[in-house]
Structures are given as structure tokens and as C-alpha cells.
Amino acid sequence: MLSNKDLSAEEVIHLKKLFDEHIIVAFPETAANEQLYDMKGELALYDGHVAGLVSSYLQNTPVNSKFVKVDLKLKSKMEDFRPNTPEEKKSIQELLRYRERLDMLIFTLSKIIS
């Protein structure tokens, strides 16, 4: 396990900037669709997981690299979803954008601690 003391200040500043940008983004709403509601719930869990990892790391708490992984199951489920209405299309696009922000945080943290 590594803490941010082991890295250059520039790498940590970049991670903090990404995290600060992420936390001001509103969590997406969804159209009335059971699959979208389920994905939104999974995305909320993933959001909490990623936020916990990144905030811990930024506070100099060691992070175990085995937990720093993109949620490939959620990614696949979201990418495979086929909307039937314009509202569903808008909802899945917003969920995908939000997930991509989380994936970028995971990718950045993973790169730093590996």
C-alpha cells in the first residue's frame, strides 16, 4: 500500500482537481424504467466506493490497490442498455457520463499507486 507521500505533488494535485470537479456534478436523474433505476442504484454504490478511495488517499490514508478497479459489470450493463424513448436515451447518456467520470478517477488513482 502506498500513500500520497510517496508521489510527486503534481500527480496528487491532478487527482485532487479531478475529484473536486467530480463532487460538484449533480448525480443524474433517470427516466421511469426499472433497468435505469437499477443502474442508478449501482452507480450510487460505485460513486461511494470511488469517493471513499480517492478522499482517503488525498487525506494520506493508505489505499489497497486491489480495491482500485473499474466496475466492469456496471460498465457493460450500461453500454448494453437500449433505450426505447427519448427520455431513456437522455437518462442512459447522463448515467454513462457520470460513470466515465468515476472511471477516470479510478484510472488516475490506479496509475498513481501502481
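First, a word on what this report is: a plain description of the structure on this page. (Residues numbered from 1 in each chain as written. Predicted model: local features only at pLDDT ≥ 70, side-chain atom pairs only at ≥ 80, totals over all residues. Heavy atoms only, no water.)

1. So, the overall build of the protein chain
- Each helix and strand counted, the protein chain has 4 helices and 0 strands in total.
- Going from the N terminus to the C terminus, the protein chain shows its helices and strands as α-α-α-α.
- Its C-alpha atoms put the protein chain at 50 × 25 × 15 Å along the principal axes.
- Put simply, the protein chain has 114 residues, and 36% of those count as buried.
- Sequence-distant contacts in the protein chain: of pairs separated by 6 or more residues, those separated by 24 or more amount to 79%.
- In the structure as shown, the protein chain presents an accessible area of about 7000 Å², 54% of it carried by carbon and sulfur atoms.
- Looking at charge distribution, the protein chain has the averaged site of its 16 positive side-chain charges lying 3 Å from that of its 18 negative ones. (Helix = DSSP H or I, 4+ residues; strand = E, 2+ residues; numbered from the N terminus. Buried < 20%, exposed > 50% of the residue type's maximum accessible area, 1.4 Å probe, protein only. Contact = heavy atoms within 4.5 Å. Areas by Shrake-Rupley, 256 points an atom, 1.4 Å probe, with all protein chains shown as cover. Lys, Arg positive; Asp, Glu negative; His and termini not counted. Charge placed at Lys NZ, Arg CZ, Asp CG, Glu CD.)

2. Observations concerning the side chain of Lys40
- Tracing the backbone shows Lys40 in helix α2 (residues 34-58).
- Aside from chain neighbours lying at most four places away, what touches Lys40 is Phe27, Pro28, Glu29, Thr30 and Leu95.

3. What to know about unusual backbone geometry
- With a phi angle near 70 degrees, Asn60 is a residue other than glycine that sits in the positive phi range.
- Considering the arrangement of structural elements, one finds Asn60 in the loop between α2 and α3 (72-80).
- Under the relative-accessibility criterion, Asn60 is labelled partly exposed at 35%.

4. A word on helix α1 (residues 9-23)
- Along its 15 residues, α1 runs 21 Å from first to last C-alpha, staying within 8% of the 21 Å computed at 1.5 Å per residue.
- For α1, the complete set of buried residues consists of Val12, Leu15, Leu18, Phe19 and His22. For α1, the angular spread of the buried residues around the axis is 125 degrees, confining them to a single face. Exposed residues on α1 whose side chains face more than 90 degrees from its buried face are Ala9, Glu10, Ile13 and Lys17.
- Those residues of α1 that are buried are in contact with α2 and α4 (86-113). (Expected span 1.5 Å × (residues − 1). Arc of directions from axis to C-beta.)

5. So, the packing of α2 against α4
- Running from N to C, α2 and α4 point in directions that differ by 25 degrees, and their axes come no closer than 10 Å. In terms of orientation, α2 lies roughly parallel with respect to α4. Here α2 and α4 pass one another in a crossing that is left-handed.
- Per-class residue counts for the contact of α2 with α4 are 17 nonpolar, 1 polar and 5 charged. (Axes fitted to C-alpha atoms, helices over the stretch in contact; angles between N-to-C directions. Parallel < 35°, antiparallel > 145°, perpendicular 65-115°, else oblique. Left-handed = near helix turned anticlockwise from the far one by under 90°. Nonpolar A, V, L, I, M, F, W, Y, C, P; charged D, E, K, R; others polar.)

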